[in-house]
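Reading the structure
As a plain string of letters, each chain reads:
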Amino acid sequence: PHLMSREPLLAVRRNLQEILGQKEEVASSWAHFARAARQAGHDSTAQSAIMQAERYGAAVAHLQRAKLKWGNPAERHDALRLLKEYLDTAKAHAGRADSGAGGSEGARLENPRVFFKTLVRYWTWVQETGLQQTSEVIHDFKNDLAMIKSTQHSNTEKVQFVLGQLYDTLLFPDRGGRSRYEGGGQGNGSVIQDNNKVNAENLNRLVRHYAESLKLGHKHIFQSLPRLLTLWFENSTNDKVSADQKEKLNQTVKDMSRTVPSYIWLSVFPQLVSRICHPEPRVLDCLKTIIAQVLGKHPKEALWAMVAVIKSSQTSRSKPAKQILETVYKLFPNSREWRDAAKEFLGFEGSAGIVGELSKVCNITVIPAGRNAPAKKSGKGLTMRGDCKVLWDMAPRTSVLVPIQAMLTPTFPASGLSDPSHHPFPDSSVTIKAFGDKIDVMASLMSPVVIRIIGSDGNQYKFLCKPKDDLRKDSRMMDFNTVINRLLAKDGDARRRNLYIRTFSVIPLREDQGMIQWVNDTMVLRTILQDYYSMDKTAAWIKTSRIQELYNRELRPKGKLSTLELYEKIIVDFPPVFHRWFLDHFPEPSSWVAARNNYTRTTAVWSMVGFVIGLGDRHAENILFDSTTGDCVHVDFACLFNKGETLQVPERVPFRLTRNLVDPMGVSGHEGGFTNICAVTMKVLRGNRDSLMNVLETFAHDPLLDWLRKENESNKTLARCERRLRGEVTRFPNTRDIAQVLSVDGQVRAVIAEAVSPANLSEMYRWWMPWF
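Residues numbered from 1 in each chain as written. Predicted model: local features only at pLDDT ≥ 70, side-chain atom pairs only at ≥ 80, totals over all residues. Heavy atoms only, no water.

Of the regular secondary structure elements, the protein chain holds 36 helices and 10 strands. Expected size for 772 residues packed as a compact globule is a radius of gyration near 28 Å; at 29 Å, the protein chain falls within 12% of this value. Among the 772 residues that make up the protein chain, the fraction classed as buried is 54%. Considering only contacts in the protein chain between residues 6 or more positions apart, those separated by 24 or more positions represent 69%. Carbon and sulfur atoms make up 50% of the accessible area of the protein chain, which amounts to about 33,600 Å² in all. (Helix = DSSP H or I, 4+ residues; strand = E, 2+ residues; numbered from the N terminus. Rg over C-alpha atoms; globule rule 2.2 N^0.38 Å. Buried < 20%, exposed > 50% of the residue type's maximum accessible area, 1.4 Å probe, protein only. Contact = heavy atoms within 4.5 Å. Areas by Shrake-Rupley, 256 points an atom, 1.4 Å probe, with all protein chains shown as cover.)

Below, the structure is given as structure tokens:
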């Protein structure tokens, strides 16, 4: 709820607590309200609440005041001074108490929890301001931890995570503001380059602290775990690291795998699976054990992420995957849940299993080589009962989940602490009860089909089964979007504006086929616009043949017009009409306003995320809109990391923001709410740069993205992503880059200017349809 909605309720509670004489609770309530007001941007309200918290003696009042000052760059040294004074006073008091208590551990600090929160915050800010060198910060921080004997509070996830971050900065520093993935830094941001004992030992300390933090909690899991995996995988094959240090590194991960709850690994399970071809045998053995443990504990959910490698046509991938299955049987010999799931998923004694039959459905319209087209290639008369009888007869499958997003996304304990008893998936699993008889064939080049699965909850779920298409990149993009949604939900401004990205499940069945969860009630942008233009003019007017004729006749060298002049001529024939779709689908004023706001928000979030990750190929058939909410939904993520700039006609715009997409945003166009939401989103992305780069780093080093491995492209790609998250604007060609750190607002406006520039739009591939 909004802060102003909660404030009256909090005031009533504080009054009741004061009447009852519960002064500690009143103080805590004021401190909590100060924190909420500060996070909501109400600094004056936060200042008043902090004064009340101090009046009632709240233990964390100094911390809230310091955080409020830290928000103003001019007062950051004051914030550090406040924390330093508190720490010095607490240490002096602890020293006197320790002398009087004869050195007993419990008498050292009045409030150990607050002391260690302050200590962590102080040294984090000292590092951030650069007042001391990183090595000095680590030394002094560790001395403070050793001096105060309170293991319960010093050995927390936050403390271990911050120590890991400090060692990370020490090993892979930023040099002069440059990306750690560019020249001039040490290595590529993950691999140490100097063959010396100190660096190797610091690498092991770094990994050990991240591992310890994950044993204790998961609040920083999307920063620590992807980073730990990249460091482990990359340095295990690094010639600059000795065999002894590699063994220590591997042992740290092995020890961690025995103690962390299984849901920790679920958050990065696709990345783990993608590395099962790792060349280092010891790493591979440990990795197989981790995957086997997760499969044994969560077979219904984890098997969907494994089927692509189990059924892989590449022996180098399918062989270790099958070895992992054998390991699961050894580790869980009495698990009926695992045996039933494996049997129903993968088959038994000659049976193909449900995965094998779903693969056949994906290929049902594919013409075999050397044969004439089958009679049912058009899709007329295709039924599940008649054309996929084996799959039809397999239902019900009580051990096979319907692979929808809600069933496959793990949750974490609300406490933020490690909890081995926590079950990360919904208690009421939706399994496959039956299949719908109808099969729809889509009108596209490869003729994918739409099937229907009836869940055990009675609902019908549609899936698009695609042949001849590698969906692993799409699956990875959905993983990234899940992280984005978690970051947006944690930010006050983004949460208040209800910012999110629509996600859906993507299930690769093999390298060249898979299933995509159907997003109900969506319409393709091109279809929407074509319908309105057909009503206003004629169907022939918008045919691609007419546009092609214009290009052939008018464009230089055959014609007299430049690309910009031709673009300006074409857009006269295609005035913006997208606003009419909202009027037709949301006739009630309140629903129209809500839909337009949803549209603006989701389009803005997608635009900023797409810019950061270099998402291309945003033509009018890859953008959908929800006819019930107005949400923008993107599909087809094969063109990541600025691959669009390497096409025959290089893409010049950072995201799609043509005149039709601006049209529903109102009289202010993209200058109003759209720009504001872009700024809020970019603020969140830039504020979580380390988290996002850690996730992106695992993607770029993923063997699935083979095109990135050519000519060491991964480092260049990561460097460009990090530069965007710093505040730079990368453009095509790169000689046009704005190579300076801009404010969030400045960066957003510069990127939007690139997206709406007629000069850039005119240079886009003609069937990207920049006039739509």
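Tracing the backbone through its elements, the reader meets Asp493 in helix α24 (residues 492-496). Under the relative-accessibility criterion, Asp493 is labelled buried at 19%. Looking at Asp493, its side chain comes within polar contact range of the side chain of Arg496, at 2.6 Å. Excluding residues within four positions of it along the chain, Asp493 makes contact with Gln39, Ala40, Val680 and Lys683. (Polar contact = N/O pair within 3.5 Å; in protein donor to acceptor, adjacent residues only side chain to side chain.)

The next subject is the packing of aromatic side chains. Considering all chains together, one arrives at 27 aromatic pairs under this definition. A ring pair is formed by Trp70 and Trp125, whose centres lie 4.2 Å apart and whose planes are at 0 degrees; its orientation type is stacked. Of the two residues, Trp70 is situated in helix α4 (residues 61-70) and Trp125 in helix α6 (residues 112-129); the sequence distance between them amounts to 55 residues. Residues Trp70 and Trp125 agree in their burial class; the two are buried. For the ring pair Phe578 and Trp581, a centre distance of 5.8 Å and an interplane angle of 25 degrees mean the geometry is stacked. (Phe/Tyr/Trp six-rings, centres within 6.5 Å; stacked < 30°, edge-to-face > 60°.)

In this section: the packing of helix α26 (residues 544-554) against helix α27 (residues 563-573). Taken N-terminus to C-terminus, the directions of α26 and α27 make an angle of 150 degrees; their axes are 11 Å apart at the nearest point. Of the possible angle classes, the one that applies to α26 and α27 is roughly antiparallel. The way α26 lies across α27 gives a crossing that is right-handed. Each of Arg546, Leu550, Tyr551 and Glu554 in α26 lies in contact with α27, whose residues at this interface are Leu566, Lys569, Ile570 and Asp573. Looking at the contact of α26 with α27 residue by residue, the class counts come to four nonpolar, no polar and four charged. (Axes fitted to C-alpha atoms, helices over the stretch in contact; angles between N-to-C directions. Parallel < 35°, antiparallel > 145°, perpendicular 65-115°, else oblique. Left-handed = near helix turned anticlockwise from the far one by under 90°. Nonpolar A, V, L, I, M, F, W, Y, C, P; charged D, E, K, R; others polar.)

Turning our eyes to something else, we now look at the pairing of strand β2 (residues 431-435). As paired strands, strand β1 (residues 397-401) and β2 are joined by two bridges and run antiparallel to one another. Along β2, the bridge assignment pairs Arg397 with Ile432. (Pairing = 2+ DSSP bridges.)

A few words on a positive patch on the surface. A grouping of Arg35, Arg113, Lys117, Lys219 and Arg495 is seen on the molecular surface, where their side chains present a positively charged patch. Mapped onto the elements, Arg113 comes out in helix α6. The class of Arg113 is partly exposed, set by a relative accessible area of 45%. (Patch = residues over 30% accessible without salt bridge, like charges linked within 9 Å, V, L, I, M, F, W, Y side chains within 5 Å. Salt bridge = Lys/Arg side-chain N within 4 Å of Asp/Glu carboxyl O. Lys, Arg positive; Asp, Glu negative; His and termini not counted. Charge placed at Lys NZ, Arg CZ, Asp CG, Glu CD.)

Here we come to the pattern of salt bridges. The tally for this structure, following the rule as stated, stands at 45 salt bridges. Of the charged contacts in the structure, one is a salt bridge between Arg452 and Asp440, with a shortest N-O distance of 2.5 Å. Pair noted here: Arg452 is in strand β4 (residues 449-455) and Asp440 is in strand β3 (residues 440-441), with a separation of 12 residues, a long-range link. Among the salt bridges present, the one from Asp493 reaches Lys683, with a minimum N-O distance of 3.7 Å. Taken together, the positions of Asp493 in helix α24 and Lys683 in helix α31 (residues 673-687) put the pair 190 residues apart, joining distant regions of the chain. Here the residues in one salt-bridge network are Asp491, Asp493, Arg496 and Lys683, joined through shared partners.

Cis geometry is found at the peptide bond from Ala395 to Pro396, where omega equals 0 degrees. Along the chain, Pro396 turns up in the loop between α21 (389-394) and β1. Cis geometry is adopted by the peptide bond preceding Pro557, which originates at Arg556 and carries an omega value of 10 degrees. Structurally, Pro557 can be placed in the loop between α26 and α27. With phi around 55 degrees, Lys468 is a residue other than glycine that occupies positive phi space. Tracing the chain through its elements places Lys468 in the loop between β5 (460-467) and α23 (472-490). For Lys468, a relative accessible area of 52% translates into the label exposed.

Read across the open sheet, the three strands follow the order β8-β9-β10; overall the sheet is antiparallel. If you trace the sheet from one side to the other, it starts and ends with β8 (522-524) and β10 (632-634), each paired once. Pairwise comparison of adjacent strand axes, ignoring direction, gives a mean angle of 35 degrees for this sheet. Here β8 pairs with strand β9 (residues 623-626) via three bridges, running antiparallel. In the strand pairing of β9, Val524 is matched with Leu624.

Okay, the packing of α6 against helix α7 (residues 134-147) next. Orientation of α6 relative to α7, taken along the N-to-C sense of each, is 170 degrees, at an axis distance of 10 Å. With respect to each other, α6 and α7 are oriented roughly antiparallel. For the pair α6 and α7, the contacting residues are Phe116, Leu119, Val120, Trp123, Val126 and Gln127 in the first and Thr134, Val137, Asp140, Phe141, Asp144 and Leu145 in the second. Here the residues of the contact of α6 with α7 are counted per class, giving eight nonpolar, two polar and two charged.

Take the environment of Arg618 next. Within the secondary structure, Arg618 sits in the loop between α29 (589-613) and β9. Spatially, the C-alpha atom of Arg618 lies 9.5 Å from that of Gly644, the residues being 26 residues apart in sequence. Each residue touching Arg618, except ones within four places of it in the same chain, is listed here: Ile623, His634, Val635, Asp636, Phe637, Glu651, Arg656 and Trp768. Here the side chain of Arg618 touches Gly616 through a polar contact of 3.0 Å, landing on its backbone oxygen.

The next thing to look at is α29. The periodicity of an α-helix, 3.6 residues per turn, causes residues three or four places apart in sequence to face the same way. When the terminal C-alpha atoms of α29 are compared, their 36 Å separation across 25 residues agrees well with the 36 Å that a helix rising 1.5 Å per residue should span. Positive backbone phi, at 70 degrees, marks Gly614, one or two positions downstream of α29. (Expected span 1.5 Å × (residues − 1).)

Take a nonpolar patch on the surface next. On the surface, a nonpolar cluster with roughly 320 Å² of combined accessible area is contributed by Val12, Leu16 and Ile19. Note on placement: Val12 falls in helix α1 (residues 3-19).

The predicted coordinates of low-pLDDT regions are not to be read in fine detail. Of all residues in the protein chain, 91% attain a pLDDT of 70 or more, and the chain-wide mean is 87. Per-residue pLDDT stays below 50 along residues 103-107; that stretch engages in eight contacts with residues further than four places along the chain or on separate chains. (pLDDT = per-residue confidence, 0-100.)

Our next topic: α26. Looking at α26, one finds that the buried residues are Arg546, Ile547, Leu550, Tyr551 and Glu554. Viewed end-on, α26 has its buried residues packed into an arc of 140 degrees, placing them on one side of the element. Structurally, α26 contributes buried residues whose contacts are with α27. (Arc of directions from axis to C-beta.)

This brings us to the state of the cysteines. Scanning the entire structure with this criterion turns up zero disulfides. Not engaged in a disulfide, the cysteine Cys286 finds its nearest cysteine sulfur in Cys277; these two sulfurs lie 17 Å apart. The thiol of Cys632 is not disulfide-bonded; the next cysteine sulfur, from Cys678, is found 11 Å away. (Disulfide = S-S within 2.5 Å.)

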